[in-house]
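Residue strings, one per chain:
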Amino acid sequence: MTVSVPTSVAEAVSLLAAAPDSLVLAGGTDLMVEVNAGHRSLDRVIAVDRIEELRDWSISADRRSLTIGSGVPYSLVMDGPIAELVPALAQASRTVGSPQIRHVGTIGGNLGTCSPAGDTLPVLAALDAQIHLRSVSGGRTVSFSHFMTGVKRNSRQPDELITGVTLPVLPGWQGYSKVGVRNAMVIATASSCLAVDESTRSVRVALGSVGPVIIRCTDAEDWVVGQIDWERRAVDDGVVAEFGQRCGVAARPIDDHRSTAAYRRRAIEVLSARQLRRAFPNG
Amino acid sequence: MAEFYSLRVNGVDREVVDAQLGESLLFVLRERLGLLGTKGACEQGECGSCSVLVDGELVCACLVLAAAQSGRDIVSIEGIAPAGVSTDVQQAFVDAGAVQCGFCTPGLVMAAHSLLERIVDPTDTEIREELSGNICRCTGYGRLVEAVANVAKTRIALGGNRG
Ligand SMILES: Cc1cc2nc3c(=O)[nH]c(=O)nc-3n(C[C@H](O)[C@H](O)[C@H](O)COP(=O)(O)OP(=O)(O)OC[C@H]3O[C@@H](n4cnc5c(N)ncnc54)[C@H](O)[C@@H]3O)c2cc1C
Ligand code: FES
Ligand code: FES
């Protein structure tokens, strides 16, 4: 077994090129769980947590987008400047695991694992995040909807490193809500991110834990924009209820050890209706 | 394949010999370095009994790959207080009846120290959130929260002078 600890992206991608079967280790909060449970054995490990470029974030010159390195831990996203720019991502990060998990767990690891219950993923889907990947042959960028391809599947190639994500800084309300059995340390049984873009007068909704991938509720999104009084920031109660139902219809939940499909669909109806009301508080 | 690397634990450079590179920091602390204060239970990041500080951050040692930690500052419960001496946090736990079977105590003491380093005067909610990664099956948590609040109060009364 070998453990490499590169300090630059260039070094990391050349290690990956030399041995694409290597495991990239960031915070280890998914990978080490599998190792400890005996589900995965380690052979070649590339630990990327000392690559400073991956632990950085920046805002574009026009302040309309934010790029966050894949190695940025949740504890950095939860509050401070990133939380002001993308509040939904901060809310999602705050719900992950426990302080111990949030100190080391990263957005890149959430993307690498690509669980439908990954808490940052509905936010990345709702905001049409761009995922940056790098290999020795160069970089490429894919939208989140092309990145996540199934349950714990994504379009990352074995020789590619996830380097970061770019998100728009939107004018308008946004939030992330999650249902689980308790407040701390809980994997979502259903989750929803709603983001309003006042500049284009659009509403985006993405659902987690209710399908093999994160689901965008395009029907509900398109329908609701025409029902909103944008000047008064108002929607009728009937619209709120129908919006919830339309989001529930978009969900594709299953029965499993954590919950039932029926409960999950109902949870989505309630969460998305509540979020729409928070976004447009006036009746 | 047996390997050799070194770790800085509680301020001392320690050689880890005859280890497998896939071992967790929890395993290495206990089984290779004989530091038995850090406890292991779930090895899934869920219980917090293995909490240690790596470069000042509270983490679950069971989820840390030991062989990738060379050059980092690792502090385990043994580094918080020398044997036989109690910190103010440890004493407050005892006084509040927050130590029952004691299995969760090292992890919770680490979490409490880490919290009070960052937040001098935590609210009840902050204490509960910061301790939310540590499971205790005995105390029902009330005494733990009380112990941490008592330390904060005492430290403030003493003008930041750490006992
Ligand atoms: C107790 C506990 C509670 C948890 N609670 C939650 C929760 O509430 N919500 C949630 O969403 N998740 C939760 N998780 C899962 C986990 O913490 C997250 O998915 C986290 O984001 C993983 O990040 P990491 O840096 O630890 O990833 P790692 O475990 O290091 O890696 C995860 C995967 O991503 C790959 N990877 C990581 N970085 C890169 C990169 N830069 N390029 C390419 N591939 C990469 C790895 O190869 C691996 O396949 C929890 C885990 C634990 C142990
Ligand atoms: S043993 Fe590490 S969290 Fe339980
Ligand atoms: S005192 Fe027994 S588990 Fe906490």
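See the structure above.
K.L.:
When you look at the interface of chain A and chain B in this model, what are you seeing that I'm missing?
P.N.:
It is common to give the size of an interface as the accessible area lost on bringing the parts into contact. Listed as interface residues are 27 residues of chain A and, on the opposing side, 29 residues of chain B. Buried area between chain A and chain B, summed over both chains or domains, comes out near 2200 Å², and the portion from carbon and sulfur atoms is 55%. Joining chain A to chain B, the criterion identifies two salt bridges. E129 of chain B serves as the salt-bridge partner of R94 of chain A, at 3.2 Å between the closest nitrogen and oxygen. Summed over the shared surface of chain A and chain B, the number is 10 residue pairs in polar contact (both at pLDDT 80 or more). Of the residues forming the side of chain A that touches chain B, the biggest block, five residues, is contributed by helix α6 (residues 99-104) of chain A.

K.L.:
What is the right way to read the site of ligand 1 from this model?
P.N.:
Residue and element names in this part refer to chain A. In the vicinity of ligand 1 lie 37 residues, with V24, T29, D30, Y74 and D119 positioned nearest. At 3.2 Å from an oxygen atom of ligand 1 is found a side-chain nitrogen or oxygen belonging to K178. A total of 980 Å² of accessible area belongs to ligand 1 in isolation, and the protein chains cover 94% of it. At the level of elements, β2 (23-25), α2 (31-36), α6, α7 (107-113) and β10 (161-168) are the ones that each hand at least two residues to the shell around ligand 1. With five residues, α7 is the largest single contributor of residues to the shell around ligand 1. Split by residue class, the shell around ligand 1 holds 16 nonpolar, 16 polar and five charged.

K.L.:
Quick question: what am I supposed to make of the packing of helix α11 (residues 237-250) of chain A against helix α12 (residues 261-279) of chain A here?
P.N.:
How two helices pack is summed up by the angle between their axes together with the distance between the axes. All names here are of chain A. Where α11 contacts α12, the two axes come as close as 7 Å, and the packing angle between them is 140°. In this view, α11 runs oblique relative to α12, as classed from their interaxial angle. Where α11 crosses over α12, the two elements pack in a sense that is right-handed. Along the contact surface, α11 presents D237, V239, V240, F243, G244, Q245, C247, G248 and V249, while α12 presents R265, I268, E269, S272, A273, L276 and R277. Per-class residue counts for the contact of α11 with α12 are eight nonpolar, four polar and four charged.

K.L.:
Would you explain the nonpolar core in this entry?
P.N.:
Core analysis: the biggest nonpolar cluster contains 75 residues, and L111 of chain A together with L25 of chain B have the highest contact counts within it. The biggest single contributor to this core is helix α8 (residues 121-126) of chain A, with five residues. In contact with L111 of chain A, not counting residues within four places along its chain, are L121, L124, I131, F144, F147, N154, I162 and V165 of chain A. Ranked by size, the runner-up nonpolar core spans 28 residues in total, among them L194, I215, V224 and A267 of chain A.

K.L.:
Teacher, can you tell me more about α11 of chain A here?
P.N.:
Each turn of an α-helix holds 3.6 residues, which means side chains three or four residues apart point in the same direction. All names here are of chain A. Across its 14 residues, α11 extends 20 Å between first and last C-alpha, which sits within 8% of the 20 Å expected from 1.5 Å per residue. Here α11 has its buried residues at V239, V240, F243, G244, C247 and G248. Looking at the buried positions of α11, the neighbouring elements they touch are β12 (190-197), β13 (202-208), α10 (218-225) and α12.

K.L.:
Can you walk me through the side chain of S76 of chain B in this structure?
P.N.:
All names here are of chain B. Here S76 is to be found in the loop between β5 (73-75) and α2 (77-80). A polar contact of 2.6 Å, which involves the side chain of S76, links it to the side chain of E78. Sequence-distant contacts of S76, defined by excluding residues within four places in its chain, comprise N10, L29, L35, T38, V52 and M110.

K.L.:
Help me understand the sheet that holds strand β6 (residues 130-135) of chain A in this model?
P.N.:
For sheets, the rule is that strands pair by backbone hydrogen bonds, running either parallel or antiparallel. All names here are of chain A. Pairing within the open sheet is antiparallel, and its five strands lie in the order β4-β5-β10-β6-β7. Sheet topology places β4 (57-59) and β7 (138-143) at the edges, where each strand pairs with a single neighbour. Going across the sheet, the axis of each strand differs from the next one's by a mean of 20°, ignoring polarity. Of the strand pairs in this sheet, strand β5 (residues 65-69) and β10 are connected by five bridges, and their pairing is antiparallel. Within β10, the position partnered with S65 by the bridge is P168. Across the sheet, helix α1 (residues 9-18) lies against β6 and β10, angled at about 130° from β10, the strand it touches most.

K.L.:
Is there a simple way to think about the environment of T166 of chain A in this case?
P.N.:
Residues and elements named next belong to chain A. Mapped onto the elements, T166 comes out in strand β10. A sequence separation of 38 residues divides T166 from D128, and the C-alpha atoms of the two residues are 8.9 Å apart. Residues contacting T166, with those up to four places away along its chain left out, are S65, L66, T67, A129, Q130 and H132. Side chain to side chain, T166 and T67 meet in a polar contact 2.8 Å long.

K.L.:
What is the right way to read the sheet that holds β5 of chain B from this model?
P.N.:
All names here are of chain B. Ordered by their spatial adjacency, five strands build an open sheet running β2-β1-β5-β3-β4, and the pairing between neighbours is mixed. What marks the edges here is a single partner per strand, and that holds for β2 (12-19) and β4 (57-60). Looking at each pair of strands side by side, their axes are set apart by 40° on average, direction ignored. The sheet contact formed by strand β3 (residues 51-54) and β5 spans two bridges and is antiparallel. Each residue of the ladder has a partner; that of L53, found in β5, is V75. Against the sheet, helix α1 (residues 25-32) makes contact with β1 (3-9), β2, β3 and β5, and its axis sits at roughly 90° relative to β2, the strand it touches most.

Scoring rules and cut-offs
- Residues numbered from 1 in each chain as written.
- Chains lettered and ligands numbered in written order.
- Predicted model: local features only at pLDDT ≥ 70, side-chain atom pairs only at ≥ 80, totals over all residues.
- Heavy atoms only, no water.
- Contact = heavy atoms within 4.5 Å.
- Buried area = accessible area lost by both parts, 1.4 Å probe.
- Salt bridge = Lys/Arg side-chain N within 4 Å of Asp/Glu carboxyl O.
- Polar contact = N/O pair within 3.5 Å; in protein donor to acceptor, adjacent residues only side chain to side chain.
- Helix = DSSP H or I, 4+ residues; strand = E, 2+ residues; numbered from the N terminus.
- Near = heavy atom within 4 Å.
- Areas by Shrake-Rupley, 256 points an atom, 1.4 Å probe, with all protein chains shown as cover.
- Nonpolar A, V, L, I, M, F, W, Y, C, P; charged D, E, K, R; others polar.
- Axes fitted to C-alpha atoms, helices over the stretch in contact; angles between N-to-C directions.
- Parallel < 35°, antiparallel > 145°, perpendicular 65-115°, else oblique.
- Left-handed = near helix turned anticlockwise from the far one by under 90°.
- Core = buried A, V, L, I, M, F, W, Y, C linked by side-chain atoms within 4.5 Å.
- Buried < 20%, exposed > 50% of the residue type's maximum accessible area, 1.4 Å probe, protein only.
- Expected span 1.5 Å × (residues − 1).
- Pairing = 2+ DSSP bridges.

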